[in-house]
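So the chains spell out like this:
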Amino acid sequence: MRKVIISLAPVEAGKAIDKEALVEDVARSAQAGAAMCHLHCRRPDGILTEDTGELVDTFERIAERTDLIIQASTGGVSDMNIEQRCEPLKYWRVESASLNGGTTNLGEAVYINSFEDIRYCARAVYDRGIIPEIEVFDIGMIYNIRMTKEQAPYREPVLYNLVFGHRGGMQANMECLTAFRSAVPKDALWGVTHYGRDNWDFLGAAIAMGAAVVRIGFEDSRYLAPGREAAYNYEEVEKLAALIRAMDLEVATPSRAREIMGIVLKRNPADLL
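Residues numbered from 1 in each chain as written. Predicted model: local features only at pLDDT ≥ 70, side-chain atom pairs only at ≥ 80, totals over all residues. Heavy atoms only, no water.

Enquirer: Give me the layout of surface pockets: which residues, what numbers.
Expert: Quantified by volume, the largest pocket comes out at close to 620 Å³. Lining the largest pocket are 32 residues, with A13, H40, H166, Y195 and E219 sitting closest to its centre. Listing elements by their share of the lining of the largest pocket, those giving two or more residues are strand 4 (96–100) and strand 8 (159–164). Here the residues of the lining of the largest pocket are counted per class, giving 11 nonpolar, 13 polar and eight charged. Space inside the second largest pocket adds up to approximately 280 Å³. Lining of the second largest pocket is provided by 15 residues; of these, P10, A16, D18, F218 and R222 occupy positions nearest its centre. Sorting elements by how many residues they give to the lining of the second largest pocket places helix 1 (residues 19–32) first, with three residues. By residue class, the composition of the lining of the second largest pocket is nine nonpolar, one polar and five charged. (1 Å grid on protein atoms, 1.4 Å probe; cavity = no way out; pocket = protein on both sides within 12 Å on 5 of 7 lines; lining within 4 Å. Points joined across faces, edges and corners; volume = space filled by probe spheres on them. Helix = DSSP H or I, 4+ residues; strand = E, 2+ residues; numbered from the N terminus. Nonpolar A, V, L, I, M, F, W, Y, C, P; charged D, E, K, R; others polar.)

Enquirer: Could you give an account of the nonpolar core, naming the residues involved and the relevant values?
Expert: With 76 residues, the main nonpolar core has I6, L99, Y154, Y160, L162 and F164 as its most contacted residues. Considering every element that reaches this core, the biggest residue donor is helix 4 (residues 115–127), with six residues. Beyond its immediate stretch of four places on either side in the chain, Y160 contacts I134, V136, I142, I145, V184, P185, A188, L189, W190 and G191. Counting 13 residues, the second-largest nonpolar core is a separate cluster that includes A35, M36, I131 and I263. (Core = buried A, V, L, I, M, F, W, Y, C linked by side-chain atoms within 4.5 Å. Buried < 20%, exposed > 50% of the residue type's maximum accessible area, 1.4 Å probe, protein only. Contact = heavy atoms within 4.5 Å.)

Enquirer: Outline empty space enclosed by the protein, supporting the account with residue identities and numerical values.
Expert: As enumerated under the stated definition, the model contains four cavities of 30 Å³ or more in all. By volume, the largest cavity is sized at about 60 Å³. Around the largest cavity, the lining residues are Y126, I131, P132, I134, R155, E156, P157, V158, L159 and M261. Among the elements that line the lining of the largest cavity, the one with the most residues is strand 7 (residues 131–136), at three residues. Reported here for the second largest cavity is a volume of approximately 50 Å³. Every residue along the wall of the second largest cavity is listed here: H40, C41, L48, T49, E50, S73, T74, G75, M80, Q84, R85 and P88. Considered class by class, the residues forming the lining of the second largest cavity number four nonpolar, six polar and two charged.

Enquirer: Requested: an account of the side chain of N233, with residues and values cited.
Expert: Summarising the element assignment, N233 is placed in helix 8 (residues 233–246). Look at N233 and you get buried, because its relative accessible area is 1%. For N233, the side chain forms a polar contact with the main-chain oxygen of P10, separated by 3.1 Å. At 2.9 Å, the side chain of N233 forms a polar contact with the backbone nitrogen of F218. Beyond its immediate sequence surroundings of up to four residues, N233 is in contact with L8, A9, P10, D25, S29, G217 and F218. (Polar contact = N/O pair within 3.5 Å; in protein donor to acceptor, adjacent residues only side chain to side chain.)

See below:
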């Protein structure tokens, strides 16, 4: 039976972070079916930073209580250059990381990811044995990855996260999903993120079309039901897990998710030597 990976992105951009509450929410999300936790490198006030201290401490606490795949972001709109954005990759527990596939508009902001940025990040993740999740906001970014494949050491299978809903990017409708899905190479894995989600129809359609990973959490949307926001991330995970099972599919455990993504679990810092 096909297994679907639930990826949790629990922190809403720009909001102050209550670390204790966050770790508790993530732990309950793991119990509900999440297999991976995606975090940006932020200060306690929610601002993006190259200082990995808070990120490392948060992931350490999560690792003490769960077996979740640790996924660090190398993205987000900020003044940091690509070297600064890749600082979280130096943390030994990071097993997966975002790799952004190109430049796009995110609302009023311009999110810059040059070809050199793409190549730099690809080398940085693979040099450390980290599996990239390639974030693509429009179809052209899939071709950006194809064009850089000869210059960057991508390893099969490549995992694409198709991101919908941002102003300036692909929108969450069946026409865009079908077009986006058709551009993904047949030998690649793909997942979906619906930013600003106000219903669950689109995620259900993506799962039905073969999504291997579905991202959920407050980074993208707090919506739980018509007119009702979730108070905790684990509520969204519970609903997504129930949806997956209602489609006669299975929710992937962290260990199974590692197998699907080709992750070799890092047991201690010495594994990186």
